[in-house]
Amino acid sequence: MKMDKLYIIHLDEQTQLACHKDQTLLENLEAHKVEVHFHCREGFCGACRTKLIEGQVEYITDPLAYIDDDEILPCCCKAKSDLKIKLS
Amino acid sequence: MKYTTFNQQSTNPLAEPMFFGNPVNVARYDQQKHQIFEKLIEKQISFFWRPEEVDVSKDRVDFQKLSEPEKHIFISNLKYQTLLDSVQGRSPNIAFLPIVSLPELETWIETWSFFETIHSRSYTHILRNLFADPSEVFEDIVLNEEIKRRATDISRYYDDLIFATQLWQTQGEGVHQVDGQSYTVNLRELKKKMFLCMNSVNALEAVRFYVSFACTFAFAERELMEGNSKIIRLIARDENLHLSSTQHILNLWAKGKDDPEMAEIAEECREEARDIFLNAVEQEKQWAAYLFQHGSMIGLNKDILCQYVEYIANHRMAAIGMDTPFEVKSNPLPWMNNYLNSDNVQVAPQESEISSYLVGQIDSEVSVDDFGDFDL
Ligand code: FES
Ligand SMILES: [Fe+2]
Ligand SMILES: [Fe+2]
């Protein structure tokens, strides 16, 4: 596996997960068996709302659900750098 | 301020608040104060579906196989959902359109309500298939005490806002006597009623369907009533979009991104808004108790259903800046997610019982002969 395909997701002090940048953040978290709430998987229901503490993401679908400035929708974004997030 | 269907004053819709500004005049969508409503309209229209396209005929056989308690669960849920969509198919229009000030929000409200009428039509489609004459089921909706109690709470905030708006638009601010009762009408009071009403609608879209959804999908997990489940998936997808819109409205207000007075009111009525939400949660839990009073169904019981409602409520209260009062941390019904995602919700055209949707296609097939008289 080539390293340039991977980013690191920091969930907390102890937990670091390898993350493929060509999959959505939600798919990555699920691959690591992390429970994330979701419904639509398309950016309009807001169920997957998550705090982004550090890093950058890019959206593959325009997010329609309400999110605060420091929040992201993992179901429709991909990592653009290493991330530090806090799941609700 | 008197309502007018076409306000002839020039207004700047980019500077208007969402509600209680000038009435909308030109329905234009080239520019938007709050772009999100235009995006929600587009998304909602892309979801368009017709109940008749879903084949529910197999459900009739399944229904006969259900136990009596299960029949009670299934039919009661349909009655409750019929009530909810009866209210939602008209009330956003009647309550919000007379006071809306942005063209994109006006059209969103109309689009939203229209989809609620599709939901209502789908219940008739489902029931007609199960009963030769579904009248008894429909008639019970205004007689059944459990449903009436919910109807009171759901329509109350709408009715209050609608009545106050009527007084304000016909008689202006002041104290008005109607049938021996006096009513104080001023803009601040109206805005408060608007805020509480939006919170009540938000709670409706957020939690009021979920006990019923869970039962439907629990039947589907046993491969029962799958036509019905397909319809409910389409409805659930729409409801999630409606919820997104009420969350946006409440947050735009609370964060001072629209009418500054609404930000004050959001602060002032915080507790009342929270009570509205918690009351809806409580009623859903009581609904679960009512459903299972004659016995439960495989895969579900009252306690787990109540936990699920609390789980959903926590998330949805957090989304509008409220606390998360319930203990439950992980999803007690993880299989629900398989029914609530929007993949594979599309109805297959070959499933259709009728083919009238082809009419447009046939009409657009024009042959050269049709232009026989034309010289090209
Ligand atoms: S799952 Fe619906 S917005 Fe992410
Ligand atoms: Fe609906
Ligand atoms: Fe709705």
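Because the structure is a prediction, the values reported are computed rather than measured.

### Description of the packing of aromatic side chains
All names here are of chain B.
Point 1. In the structure shown here, the tally under the stated rule is 20 aromatic pairs over all chains.
Point 2. When the ring of F163 is compared with that of Y183, the centres are 5.0 Å apart and the planes differ by 70 degrees; the resulting orientation is edge-to-face. Separated by 20 residues along the polypeptide, F163 in helix α6 (residues 145-171) and Y183 in strand β2 (residues 181-185) bring together distant segments of the chain.
Point 3. A residue is classified by how much of its surface remains accessible, and Y183, at 26% relative accessible area, is partly exposed.
Point 4. Three or more aromatic residues joined by ring pairs form one cluster here, namely F19, F96, Y158, F195 and W253.
Point 5. For the cation-ring pair, K71 lies above F63, with the distance from its terminal atom to the ring centre recorded as 5.5 Å.
Point 6. When the ring centre of F47 is taken as reference, the NZ or CZ atom of R237 above it lies at 4.0 Å.

### Things to note about the pairing of strand β1 (residues 6-10) of chain A
Residues and elements named next belong to chain A.
Point 1. The pairing of β1 with strand β2 (residues 16-20) spans five bridges and is classified as antiparallel. Within β2, the residue paired with Y7 across the bridge is C19.
Point 2. Hairpin geometry of β1 and β2 is characterised by an intervening segment of five residues between the two adjacent antiparallel strands.
Point 3. Relative to strand β7 (residues 83-86), β1 runs parallel, the two sharing two bridges. Within β7, the residue paired with H10 across the bridge is K84.

### Examining the coordination of the iron ion (ligand 3)
Residues and elements named next belong to chain B.
Point 1. Protein-derived coordination of the iron ion (ligand 3) comes from E116 (OE), E205 (OE), E205 (OE), E239 (OE) and H242 (ND1), at a distance range of 1.9 to 2.4 Å.
Point 2. Between the iron ion (ligand 3) and the iron ion (ligand 2), a separation of 3.7 Å is found, and both are coordinated by E116. Here H242 lies in helix α9 (residues 226-254) and E116 lies in helix α4 (residues 103-130), a separation of 126 residues in the sequence. Each member of the pair, E116 as well as H242, is classed as buried.

### Side note on the coordination of the iron ion (ligand 2)
Residue and element names in this part refer to chain B.
Point 1. Looking at the iron ion (ligand 2), the protein donor atoms are D85 (OD), E116 (OE), H119 (ND1) and E239 (OE), and they sit 2.0 to 2.2 Å from it.
Point 2. Each of the four donor atoms bound to the iron ion (ligand 2) contributes to angles spanning 87 to 144 degrees, and the resulting shape is irregular.
Point 3. When the donors of the iron ion (ligand 2) are listed by position in the chain, the intervening gaps give D-x30-E-x2-H-x119-E.

### Examining empty space enclosed by the protein
All names here are of chain B.
Point 1. A full pass over the atoms with the stated rule returns four cavities of 30 Å³ or more.
Point 2. A volume near 80 Å³ is recorded for the largest cavity.
Point 3. Lining the largest cavity are 13 residues, and of these G21, P23, P98, I99 and Q169 lie nearest its centre.
Point 4. In terms of residue class, the lining of the largest cavity is made up of eight nonpolar, four polar and one charged.

### Some remarks on helix α2 (residues 57-65) of chain B
Residues and elements named next belong to chain B.
Point 1. D59, D62 and F63 are the residues of α2 that are buried. Down the axis of α2, the buried side of the element spans an arc of 105 degrees, and every buried residue falls inside it. Projecting away from the buried face of α2 at angles above 90 degrees are the exposed residues V61, Q64 and K65.
Point 2. The elements touched by buried residues of α2 are α3 (68-96), α4 and α9.

### Description of the nonpolar core
Point 1. In terms of nonpolar packing, the biggest core is built from 122 residues, with F19 and F96 of chain B touching the most fellow members.
Point 2. Not counting residues within four places of it along the chain, the set of residues in contact with F19 of chain B comprises F96, I99, V100, S101, L105, I109, M194, M198, I249 and W253 of chain B.
Point 3. Core analysis: the next-biggest nonpolar cluster, separate from the first, contains 23 residues, V34, C75, A79 and L83 of chain A among them.

### Some words on the interface of chain A and chain B
Point 1. In this complex, chain A contributes 18 residues to the contact, which on the side of chain B involves 28 residues.
Point 2. For the pair chain A and chain B, the two sides together bury roughly 2000 Å², of which 50% comes from carbon and sulfur.
Point 3. Where chain A meets chain B, there are three salt bridges.
Point 4. A salt bridge links K255 of chain B to D68 of chain A; its shortest N-O distance comes to 3.2 Å.
Point 5. At the surface where chain A touches chain B, the tally comes to 12 residue pairs in polar contact (both at pLDDT 80 or more).
Point 6. Split by residue class, the side of chain A that touches chain B holds eight nonpolar, three polar and seven charged.

### Quick look at the side chain of E116 of chain B
Residue and element names in this part refer to chain B.
Point 1. R208 is the oppositely charged side chain nearest to the buried, salt-bridge-free E116, at an N-O distance of 12 Å.
Point 2. At 3.0 Å, the side chain of E116 forms a polar contact with the side chain of W112.
Point 3. Those residues in contact with E116 that lie beyond four places of it in its chain are D85, Q88, G89, E205, E239 and H242.

Definitions and cut-offs
- Residues numbered from 1 in each chain as written.
- Chains lettered and ligands numbered in written order.
- Predicted model: local features only at pLDDT ≥ 70, side-chain atom pairs only at ≥ 80, totals over all residues.
- Heavy atoms only, no water.
- Phe/Tyr/Trp six-rings, centres within 6.5 Å; stacked < 30°, edge-to-face > 60°.
- Helix = DSSP H or I, 4+ residues; strand = E, 2+ residues; numbered from the N terminus.
- Buried < 20%, exposed > 50% of the residue type's maximum accessible area, 1.4 Å probe, protein only.
- Lys NZ or Arg CZ within 6 Å of the ring centre and 35° of its normal.
- Pairing = 2+ DSSP bridges.
- Donors = N, O, S within 2.8 Å, 3.2 Å for Na, K, Ca; no water.
- Tetrahedral: all angles 85-135°; square planar, octahedral: opposite > 155°, others 65-115°.
- 1 Å grid on protein atoms, 1.4 Å probe; cavity = no way out; pocket = protein on both sides within 12 Å on 5 of 7 lines; lining within 4 Å.
- Points joined across faces, edges and corners; volume = space filled by probe spheres on them.
- Nonpolar A, V, L, I, M, F, W, Y, C, P; charged D, E, K, R; others polar.
- Arc of directions from axis to C-beta.
- Contact = heavy atoms within 4.5 Å.
- Core = buried A, V, L, I, M, F, W, Y, C linked by side-chain atoms within 4.5 Å.
- Buried area = accessible area lost by both parts, 1.4 Å probe.
- Salt bridge = Lys/Arg side-chain N within 4 Å of Asp/Glu carboxyl O.
- Polar contact = N/O pair within 3.5 Å; in protein donor to acceptor, adjacent residues only side chain to side chain.
- Lys, Arg positive; Asp, Glu negative; His and termini not counted.

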